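If you want the building blocks of each chain, they are given just below.
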Amino acid sequence: MKLGEGVEAAIHCAATLASVEGNSTMPGAALAEAFGLSPSYLLKHLNMLSAARILESVPGPAGGYRLARPAERITLLDIVLAVEGREPAFRCGEIRQRGPVKLDASAYVKPCGINAAMLKAERAYRAALAETKLSDIVATYAAEGDPRSLAASCAFVERHQRPQKSS
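Model, not experiment: these values are computed from the prediction.

Colleague: Looking at this model, I keep getting lost on the pattern of salt bridges. Mind explaining?
Modeller: Close approach of charged atoms lets side chains of opposite charge pair. Scanning all chains against the criterion turns up six salt bridges. Between Glu 87 and Arg 91 there is a salt bridge, and its shortest N-O distance comes to 3.9 Å. For Arg 148, the salt bridge is made with Asp 146, and the minimal N-O distance between the two is 2.7 Å.

Laid out in structure tokens, this is it:
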């Protein structure tokens, strides 16, 4: 199964935003800079995450993005579905019913075995993503990441986060 680059970017951005303090935000341009991505490309994915209520977009000159809910309540499946959509990766086109060997429709009463196997694999894949929380990813990185990478990431967040006034 191949996921788009946007999924990787979305997970990295959400993990980065899990590190901002309180109700602070981070501009989309800073997130794009952090991962060497085009701001316009990343904005599309940040908007998808906002529409799915994974991120909150805060308007204004001091605005930016922040998690819409705690990292413990965001799964990798939430992020993948926000970016890739809810459709299964495999879509059976019933090609067994085409070509010179096709039979009458009555020969195809039972579901396609290939489709059944692919959907079973998709359910397992989605279940594994649903079990993995964003907070798990962040905690593993904090515990096992290279100290230089951790220090650079923390410094980047510190430089670019924008504190918000309490409402």
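Moving on from the coordinates now.
Colleague: Sorry if this is basic, but what is going on with the pairing of strand β1 (residues 55-58) here?
Modeller: The two faces of the sheet receive side chains in turn, since in a regular strand these alternate between them. The pairing of β1 with strand β2 (residues 64-67) spans four bridges and is antiparallel. Pairing of Val 58 across the sheet is with Gly 64, part of β2.

Colleague: Help me understand unusual backbone geometry in this model?
Modeller: At Arg 53, a residue that is not glycine, the phi angle is positive and equals roughly 60 degrees. Structurally, the position occupied by Arg 53 is in the loop between α3 (39-51) and β1. Even without glycine at this site, Glu 94 takes up a positive phi of about 50 degrees. Relative to the helices and strands, Glu 94 is located in the loop between α4 (76-84) and α5 (113-131).

Colleague: Can you walk me through the side chain of Ser 50 in this structure?
Modeller: Structurally, the position occupied by Ser 50 is in helix α3. Taking relative accessible area as the criterion, Ser 50 reaches 18% and is therefore assigned buried. With residues up to four places along the chain from it excluded, the contact list for Ser 50 reads Leu 55, Glu 56, Ser 57 and Tyr 65.

Conventions adopted
Residues numbered from 1 in each chain as written. Predicted model: local features only at pLDDT ≥ 70, side-chain atom pairs only at ≥ 80, totals over all residues. Heavy atoms only, no water. Salt bridge = Lys/Arg side-chain N within 4 Å of Asp/Glu carboxyl O. Pairing = 2+ DSSP bridges. Helix = DSSP H or I, 4+ residues; strand = E, 2+ residues; numbered from the N terminus. Buried < 20%, exposed > 50% of the residue type's maximum accessible area, 1.4 Å probe, protein only. Contact = heavy atoms within 4.5 Å.

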